[in-house]
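# Summary of structural features
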Amino acid sequence: MEVSQVGWNAAKQQEPTVLDRAELEAANEKATSAFETWARTEGQTVNGLLDRAATFFADVSNSSEASFSKRARVLIGRIEGDSERIQRVLSNHDAAIAKRDTLSRQVSEARARIERMDREITSASASNERFARSLSELMTHVAGDICPVCDRDFSEVSETPLSAHVAAKVATMVEQAGRVQALLQSRNNTQGNISQLEREIQAATSGLISEIELSALKTRWADLTDIRSQLDEAATSFTEGDRYRQNAANAAEALVASQTSDRSAIVLRSNVKNLAYRLGVEFESATATEQILYSLMTTITQRELSLNARQTARREAINAAKAVIVSRDTLTGLRNKRGKVKNRLSFKESQKAEADEIINIAKDIARQTREARGRVVRRVFNDELNTVWRDLFVRLAPEEPFIPAFAIPETVGDEVEAVLETHHRRGGKGGNPRAMLSAGNLNTAALTLFMALHLSVKEKLPWLVIDDPVQSMDEVHIAQFAALLRTLSKQMGRQVIIAVHERSLFDYLSLELSPAFPGDRLNVVELSRSAMGQTICRWDTRHYVADKAIVA
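So, here is what we can say about the structure in this document.

Criteria and thresholds
Residues numbered from 1 in each chain as written. Predicted model: local features only at pLDDT ≥ 70, side-chain atom pairs only at ≥ 80, totals over all residues. Heavy atoms only, no water. Helix = DSSP H or I, 4+ residues; strand = E, 2+ residues; numbered from the N terminus. Expected span 1.5 Å × (residues − 1). Buried < 20%, exposed > 50% of the residue type's maximum accessible area, 1.4 Å probe, protein only. Contact = heavy atoms within 4.5 Å. Salt bridge = Lys/Arg side-chain N within 4 Å of Asp/Glu carboxyl O. Phe/Tyr/Trp six-rings, centres within 6.5 Å; stacked < 30°, edge-to-face > 60°. Core = buried A, V, L, I, M, F, W, Y, C linked by side-chain atoms within 4.5 Å. Axes fitted to C-alpha atoms, helices over the stretch in contact; angles between N-to-C directions. Parallel < 35°, antiparallel > 145°, perpendicular 65-115°, else oblique. Nonpolar A, V, L, I, M, F, W, Y, C, P; charged D, E, K, R; others polar.

### Some points on helix α10 (residues 439-456)
Since the α-helix advances by 3.6 residues per turn, residues separated by three or four positions end up pointing in the same direction. In a regular helix each residue adds 1.5 Å, so 18 residues correspond to 26 Å; α10 covers 25 Å between its end C-alpha atoms and thus fits that length. Within α10 the residues assigned to the buried category are G440, N441, T444, A445, L447, T448, L449, M451, A452 and H454. On the buried face of α10, the contacting elements are α8 (383-396), β1 (402-407), β3 (463-467) and α11 (475-491).

### Some thoughts on the pattern of salt bridges
Counted according to the given criterion, the structure contains 12 salt bridges. The salt bridge involving D82 is made with R220; its shortest N-O contact spans 2.6 Å. Of this pair, D82 sits in helix α3 (residues 68-138) while R220 sits in helix α5 (residues 211-233), and the two are 138 residues apart along the sequence. Across the pair E526 and R503 runs a salt bridge whose closest N-O atoms are separated by 2.4 Å. One end of the pair, E526, is in strand β5 (residues 521-529); the other, R503, is in helix α12 (residues 503-512), and 23 residues separate them in sequence. Among the residues examined, R503 registers a relative accessible area of 47% and is labelled partly exposed. Overlapping salt bridges bring together E80, R228 and D232 as one network.

### Quick word on the packing of aromatic side chains
Tallying each qualifying case throughout the model produces 1 aromatic pair. When the ring of W389 is compared with that of F406, the centres are 5.3 Å apart and the planes differ by 35°; the resulting orientation is tilted. Here W389 is found in helix α8, whereas its partner F406 is found in strand β1, with 17 residues between them in sequence. Residue classification places F406 among the buried positions, given a relative accessible area of 10%.

### Comments concerning the side chain of T190
With respect to the secondary-structure elements, T190 resides in helix α4 (residues 162-206). Overall, the relative accessible area of 8% leaves T190 in the buried class.

### Here's the deal with the nonpolar core
Core analysis: the biggest nonpolar cluster contains 28 residues, and W389, F393, M451 and F481 have the highest contact counts within it. The greatest single-element share of this core, amounting to 6 residues, is contributed by α11. Those residues in contact with M451 that lie beyond four places of it in its chain are L392, L464, F481, L484, L485 and L488. Residues V46, A72, L90 and L231 belong to the second largest nonpolar core, which totals 26 residues.

### Concerning the packing of α10 against α11
For the pair α10 and α11, interaxial distance at closest approach is 13 Å and the crossing angle is 0°. Between α10 and α11, the angle falls in the class roughly parallel. Seen from α10, the contacting residues are N441, T444, L447, M451 and L455; seen from α11, they are H477, F481, L484, L485 and L488. For the contact of α10 with α11, the per-class residue count stands at 7 nonpolar, 3 polar and no charged.

What follows is the structure in structure tokens.
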């Protein structure tokens with residue numbers, strides 16, 4: 001289809017006739033002859049001018065392939081840039097010369113000023129110094145108005161005293177000495193300016209170029225200016241030469257295109273005949289190429305439609321087969337998954353049956369636990385426990401009107417809960433202990449409940465262990481608690497172990513619980529830490545010692 005379309009498009013173009021080709025050849029010959037004639041006459045001058053301009057720049061390629069105007073533009077651009085550079089160098093050279101001359105004149109003037117100041121300083125210092133010294137020595141011999149030199153009376157010639165006249169002369173000499181000092185300062189400043197000007201002269205001189213370089217630059221600038229004017233004058237010749245060259249190139253290109261078209265038409269006819277033979281399309285030798293291409297295009301279009309239909313049916317069949325394969329694989333996967341799900345379901349059902357059995361067992365255990373707990377509650381939290389708890393609480397808190405107790409519901413059931421309540425000493429019930437008792441008495445109630453529980457059941461070990469039992473207790477309650485512990489230890493046969501965290505309380509209880517009867521013993525254990533963080537244990541055993549003072 002693609003080959004036929006290309007042949008069809010080529011056949012639709014109008015083939016050049018013999019007359020057209022003759023005209024193209026004549027035009028080509030005419031254009032070529034005109035360009036060669038121009039090249040032999042004016043072209044030599046143009047090429048010579050461009051070559052001479054190119055010699056000024058070693059890096060410029062003067063290729064004859066480029067147009068004359070383009071070569072001229074490149075050379076003019078380089079000439080302008082180089083001319084500007086030379087102008088800058090010459091301007092800088094002239095500026096350096098002018099600056100050097102100005103600085104030299106300033107140096108000469110400064111040196112002349114120094115010479116004048118030297119003469120003034122020399123004359124002023126020589127006369128003033130001797131005269132001032134003489135007058136200073138003479139002042140010591142002046143007495144009244146008689147001159148010590150000539151013995152004349154100065155009052156005869158002036159009303160001013162002689163001493164004042166001499167002092168005025170000395171002051172005048174001092175003033176002249178100040179002027180000499182100012183001249184010296186001015187001379188030093190002028191000498192510094194001369195040094196600065198000389199350094200500037202050296203800097204300006206370093207910017208000068210040699211006479212050889214200066215002459216070469218001026219010669220090059222003149223040559224560049226001359227060649228630039230010649231290039232400007234030859235602009236018309238450049239344009240004319242480019243026109244002749246372009247006409248010759250266009251004529252030659254048109255002739256080559258015509259020749260190529262003839263060869264293409266022959267090749268196209270041969271390719272069309274081969275394609276028709278391959279497709280089985282018959283035609284006579286006189287049949288036009290355009291008609292043959294039309295027949296080939298019609299045949300190829302029909303066959304293409306048929307092939308497209310077959311390809312579409314084939315793709316649909318392939319897609320259907322792929323869908324069947326995918327469905328088969330999906331079905332196989334679902335079957336495998338169903339088997340796994342059945343196995344998991346059987347396993348889960350067996351686990352559920354085991355879990356139901358465990359739940360039933362747990363429910364039975366919970367029921368039995370509640371029944372046992374109810375029996376324990378009824379057995380423990382009874383009037384006997386309340387009696388013991390009341391006795392212990394009253395002993396530790398004798399001033400508290402409300403006494404805590406447990407109340408057991410009379411209804412019979414699985415759930416039996418002991419409820420805390422308070423009883424007034426004179427009868428009647430109060431509210432919950434948290435609402436009726438203070439914080440200290442709540443701690444006392446908890447402590448006495450612990451002790452009552454300990455005393456209400458049969459002991460397995462005759463020990464009573466208490467950790468920091470006196471929180472929020474005042475000194476009276478602590479003393480009563482110590483007496484209670486001593487009573488429990490003695491009457492109930494209990495070994496009491498107490499842990500406290502305060503040093504003062506530790507010392508107090510150690511004193512209160514000291515052995516008071518023969519056979520009693522108190523073990524005192526103190527735990528602390530050393531400076532290195534290690535635990536230190538100190539313990540001591542205290543035995544009963546009879547008080548001999550009372551016995552006596």
